[in-house]
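# Understanding the architecture of this molecule
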Amino acid sequence: MARLKAKHLPHRIDITRLTGEGAEGPVWAAPDLLRPAYVEQKSKLIVDRRSTSSTAGAEVTSSEFIVILTEDDVLPGSQVTVYKGTPRERTADVLSSAFFDYPRTPSHVEIWL
């Protein structure tokens, strides 16, 4: 099975996965730092897939499109930091994600912030 390789992904992101909801709110895993990614800053209307969001199921504007490796798969509601250490640095919730696993082509995950 073909996999996208880290050498094809020029950017680095930090991923903090949402692992569930506790008595006091969201429960987060320890951050995965400097994960390989391909980041594009562009706007697109997408459906908000965060189950606990007030806009869940509604069309919202995403301002970031990111491609990551399949082993870094992340669910909506998790947080991603892009452009770390630059004036464009920001942390945002994952609004939607899509897992692509195809035979003989580079498998990957697409996420929208």
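Everything below is about the structure shown above.
Residues numbered from 1 in each chain as written. Predicted model: local features only at pLDDT ≥ 70, side-chain atom pairs only at ≥ 80, totals over all residues. Heavy atoms only, no water.

On to the overall build of the protein, then. Each helix and strand counted, the protein has zero helices and nine strands in total. Each helix (α) and strand (β) of the protein, taken in turn from the N terminus, gives the series β-β-β-β-β-β-β-β-β. Taken against the 2.2 N^0.38 rule, which gives 13 Å for 113 residues, the C-alpha radius of gyration of the protein at 14 Å falls within 12% of a compact globule. Along the three orthogonal principal directions, the C-alpha set of the protein runs to about 40 × 35 × 30 Å. Here the protein holds 113 residues, and the buried ones make up 38% of them. Residue pairs at least 24 apart in sequence account for 54% of intrachain contacts in the protein once pairs closer than 6 positions are excluded. Surface summary for the protein: the accessible area is close to 6,600 Å², and the carbon and sulfur share equals 53%. (Helix = DSSP H or I, 4+ residues; strand = E, 2+ residues; numbered from the N terminus. Rg over C-alpha atoms; globule rule 2.2 N^0.38 Å. Buried < 20%, exposed > 50% of the residue type's maximum accessible area, 1.4 Å probe, protein only. Contact = heavy atoms within 4.5 Å. Areas by Shrake-Rupley, 256 points an atom, 1.4 Å probe, with all protein chains shown as cover.)

Quick look at the pattern of salt bridges now. Under the counting rule described, the total for this entry stands at seven salt bridges. Where Arg-17 meets Asp-32, a salt bridge forms, and the shortest distance between an N and an O atom there is 2.4 Å. Linking Arg-17 in the loop between strand S1 (11–16) and strand S2 (18–22) with Asp-32 in strand S4 (residues 32–47), this pair joins segments that are 15 residues apart in sequence. Across the pair Arg-90 and Glu-64 runs a salt bridge, and its minimum N-O distance is 3.2 Å. Placement of the pair is Arg-90 in strand S7 (residues 90–93) and Glu-64 in strand S5 (residues 59–68), with a sequence separation of 26 residues. (Salt bridge = Lys/Arg side-chain N within 4 Å of Asp/Glu carboxyl O.)

Here the focus is the sheet that holds strand S9 (residues 108–112). Here we have seven strands laid out as an open sheet, ordered S7-S6-S1-S4-S5-S9-S8, and antiparallel in their pairing. The sheet is open, and its two borders are formed by S7 and strand S8 (96–100), each paired with just one other strand. Recorded for the sheet is a direction-independent mean angle of 35 degrees between the axes of neighbouring strands. Bridge count for S8 against S9 is five bridges, and the pairing is antiparallel. Counted as the bridge partner of Ser-97 is Ile-111 from S9. (Pairing = 2+ DSSP bridges. Axes fitted to C-alpha atoms, helices over the stretch in contact; angles between N-to-C directions.)

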